[in-house]
Amino acid sequence: MHVAQAQGRGSNKTPVKNSGRGSDTERESWPSNPTSLHFHNSPGLRNRVFTKVLYFTDRTLVPFMINIPKSLGEVTLKDFKAAIDREGNYRYHFKALDPEFGTVKEELFHDDDIVPGWEGKIVAWVEEDGGDSR
């Protein structure tokens, strides 16, 4: 009913129904597939697979978000480093599920290591390496 009323008012915005996550919003008319969120206007990229990555640094409380053009399970530490493009020495930790301990931060060292996923995405912490021994 809400959709019909919004269309009847001559609104040029895309009406959407409330999905139970707050008030009605035109923003929900974005693509429902999160991997195409930033690429839906580029025809050559429309059918490509992307992995969403959230990462924190020592200096931020809110994570950064990037997309890496590979499927989850194919992303390596080298791919991650290239995507965040930071100069300096860093340590890389990723949210992972350990069969013995449950949720952990797994540190990766080698560029060819596969980055673990968490609920369909990658969650990471990038920390400046102050020269402390591992």
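Refer to the structure printed above.
None of these values were measured; they are calculated from a predicted model.

Considerations on the packing of aromatic side chains
Working step 1: For the structure shown, the criterion picks out 5 aromatic pairs.
Working step 2: Consider the rings of Tyr55 and Phe80, whose centres lie 6.0 Å apart with planes at 85°: the pair is edge-to-face. You can see Tyr55 sitting in strand 1 (residues 51–57) and its partner Phe80 sitting in helix 2 (residues 77–84), a full 25 residues away along the chain. The same class applies to Tyr55 and to Phe80, which are both buried.
Working step 3: Judged by centre distance (5.2 Å) and plane angle (80°), the ring pair of Phe80 and Phe94 falls under edge-to-face. Here Phe80 is found in helix 2, whereas its partner Phe94 is found in strand 3 (residues 90–98), with 14 residues between them in sequence.
Working step 4: For Phe80, a relative accessible area of 1% puts it in the buried group.
Working step 5: The side chain of Arg86 reaches across the aromatic face of Phe64, ending 5.4 Å from its centre.
Working step 6: Directly above the ring of Trp125 sits Lys105, whose terminal nitrogen or CZ lies 4.2 Å from the centroid.

Reading the values: the criteria
- Residues numbered from 1 in each chain as written.
- Predicted model: local features only at pLDDT ≥ 70, side-chain atom pairs only at ≥ 80, totals over all residues.
- Heavy atoms only, no water.
- Phe/Tyr/Trp six-rings, centres within 6.5 Å; stacked < 30°, edge-to-face > 60°.
- Helix = DSSP H or I, 4+ residues; strand = E, 2+ residues; numbered from the N terminus.
- Buried < 20%, exposed > 50% of the residue type's maximum accessible area, 1.4 Å probe, protein only.
- Lys NZ or Arg CZ within 6 Å of the ring centre and 35° of its normal.

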